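A closer look at the structure
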Amino acid sequence: MLTPQHGQRSPSPKRVGVLVVAYNAATTLAQTLDRLPESFIAGVDHILIGDDASEDDTHAVATAYQRGSELPLTVVRHPENLGYGGNQKAGYEWAISHGLDVIVLLHGDGQYAPEVIESVVDPLLGGDADAVFGSRMMTKGAARAGGMPAYKYVGNRILTTMQNSLTGLALSEWHSGYRAYRVDALHDIDFTSYSDDFDFDTEIILGLHAAGKRIVEVPIPTYYGDEICYVNGMKYAKDVTKDVVSHRLRRMGFGSTASSGATVDAYELKPSPHSSHGRLLAWLAAREPSRVLDVGCSDGSFGALARARGHTVVGVDIVKHDGVAERLDGFVEADLNAPMPDTGERFDVVVAADVLEHVIDPARLLGEITERLRPGGTILVSVPNFGHWYPRGRVAIGRFDYDQRGPLDEGHVRFFTRRSFEKVVASCSLRIVARDTVGSPVDVLQRGREGTAIGSMANTLGAVDRAATMAWPTLFGYQFLYQLEPI
């Protein structure tokens, strides 16, 4: 077991393992293991060598090393080649099943210096990270001085810049294979569904980022020897580009997801004046300070902005997210598919933002919301438009499926067009006081990228989308917004 260095926070030793991925590494594997620092070896819990059905004597070299070494080694030979990503998956599943706390990825070809493995592990031992990536780009000029070919250096920089721009991350390098993870962080992401190929390394970054995990980089030396590179550069560039573009589109509400069922994760607040949240906040800002009930308040981020405009906000949701009590004036934990608890309090405004599509009987919920209004009170509602061009197109080509968010959010159990929702409104004896439509959330691409090429492109796309939404709201409208009052 390895203990934290001085000044670090973790109070107990950690079980640290090393995953050595090896393919045709017979000439380099033993030397790579020999280069591990003695201070690291003294505390390491286990080393797993994953021989990915090598065509040379990698397995024989590994087993011979195992017999002659005091290292806690396990050698596994996969009967079939799992691929670079598949080999990692097998190793990480092994780490989880064996109760390790930290797992370090080391390449059997020696390209990544075993001598600096402790600097890669230290932030995890200190509790400062969920994942640590060794970067060859943090020290200016080090990558080229270490022998990285010019075409690889240029390709690395171009891809990393693109990936940072699309994800909002600021990594100095996405393409290093020297990595260490908290095993519980791996357990929290669906890494077994990721690619078996070399773009696995990109997909795991995306998974960690989406799960809110802390990623730290440390500088590592660059070494290029006579090892054989099995990466098809053009295919790799295409795969990682597809991965990050798909990730960005899913964050915007486009693109399918393998998971299903309702989610209780906090929603992503969209404060842009062109978004549903922005328009609802503008409606609230036009009112005198009022008592507001936020139905489906999630983590209270929207309610906090309403409070900043002078309103008193009470939230209702099925889960009490961290921090919601501090953001709101009150909170009621309730399943909106069941009758809402009546506290006897009445409100000037009830907000149901992106909620009615998540309940089995939206008319019942609208009726209960109406009962909680004071005389002269108002209901503010936003619902996604199933008639938007994106779900229409998916249905038309026979590719209907659920997404992580957006009109086809995997948590939606009801779908509305403008006509069908307004029928529900009429059935609840409510009248429409005001109606608005917002377009696709193109503006999310601009966050943190103002003044960049991507920011300018997003600004132009947003303007085009808003013009199309105004001209044909039932086709280009992403969400419909309503102010409702009892008849």
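So, a few notes on the structure that sits alongside this text. (Residues numbered from 1 in each chain as written. Predicted model: local features only at pLDDT ≥ 70, side-chain atom pairs only at ≥ 80, totals over all residues. Heavy atoms only, no water.)

We now examine the overall build of the chain. Regarding its fold elements, the chain presents 18 helices and 14 strands. Projected onto its principal axes, the C-alpha coordinates of the chain cover approximately 85 × 45 × 40 Å. In the chain, which comprises 487 residues, the share counted as buried stands at 50%. Partitioning the contacts of the chain with sequence separation of at least 6, the portion at a separation of at least 24 is 75%. In the form shown here, the chain has an accessible surface area of approximately 21,500 Å², with 54% of it arising from carbon and sulfur atoms. Averaged over its 47 positive side-chain charges, the chain has a centre that lies 8 Å from the centre of its 61 negative ones. (Helix = DSSP H or I, 4+ residues; strand = E, 2+ residues; numbered from the N terminus. Buried < 20%, exposed > 50% of the residue type's maximum accessible area, 1.4 Å probe, protein only. Contact = heavy atoms within 4.5 Å. Areas by Shrake-Rupley, 256 points an atom, 1.4 Å probe, with all protein chains shown as cover. Lys, Arg positive; Asp, Glu negative; His and termini not counted. Charge placed at Lys NZ, Arg CZ, Asp CG, Glu CD.)

Before going further, it helps to spend a moment on the sheet that holds strand β4 (residues 102–107). Read from one edge of the open sheet, seven strands run β3-β2-β1-β4-β6-β5-β7, paired in mixed fashion. For this open sheet the edge positions go to β3 (73–77) and β7 (215–219), each flanked by a neighbour on one side alone. If you compare each strand with its neighbour and ignore which way they point, the axes differ by 20 degrees on average. Strand direction decides the pairing type here: strand β1 (residues 16–22) and β4, joined by six bridges, are parallel. (Pairing = 2+ DSSP bridges. Axes fitted to C-alpha atoms, helices over the stretch in contact; angles between N-to-C directions.)

Here the focus is the pairing of strand β12 (residues 373–384). Buried residues dominate β12, accounting for nine of its twelve residues. Bridging between strand β11 (residues 347–353) and β12 involves six bridges; their strand directions are parallel. Looking across to β12, one finds that Ala352 is bridged to Val381. One crossover worth recording links β11 to the parallel β12 by way of helix α14 (residues 362–371), and it is right-handed. (Right-handed = clockwise from strand over helix to strand, strands pointing away.)

In this section: the packing of helix α11 (residues 276–285) against helix α12 (residues 301–308). Close contact between α11 and α12 brings their axes to 10 Å; oriented N to C, the two are set at 30 degrees. By the criterion of interaxial angle, the relationship of α11 to α12 is roughly parallel. The interaxial crossing formed by α11 with α12 has right-handed handedness. On α12, the residues touching His277, Leu280, Leu281 and Leu284 of α11 are Phe302, Leu305 and Ala306. Tallied by class, residues from the contact of α11 with α12 come to six nonpolar, one polar and no charged. (Parallel < 35°, antiparallel > 145°, perpendicular 65-115°, else oblique. Left-handed = near helix turned anticlockwise from the far one by under 90°. Nonpolar A, V, L, I, M, F, W, Y, C, P; charged D, E, K, R; others polar.)

Attention now goes to the pattern of salt bridges. Enumeration according to the criterion identifies 22 salt bridges in this entry. Here Asp51 ties to Arg77 by a salt bridge, and the two come within 3.0 Å at their closest N and O atoms. Placement of Asp51 in strand β2 (residues 46–51) and of Arg77 in strand β3 is noted, with a sequence separation of 26 residues between them. Relative accessible area serves as the criterion here: at 39%, Arg77 is assigned to the partly exposed category. Here Lys235 makes a salt bridge to Asp197, at a shortest N to O gap of 2.7 Å. Of this pair, Lys235 sits in helix α10 (residues 233–252) while Asp197 sits in the loop between α8 (183–187) and α9 (200–210), placing them 38 residues apart in sequence. By relative accessible area, which is 27% here, Asp197 ends up partly exposed. Each member of the salt-bridge network shares a partner with another, and the members are Asp130, Arg182, Asp184 and Arg214. (Salt bridge = Lys/Arg side-chain N within 4 Å of Asp/Glu carboxyl O.)

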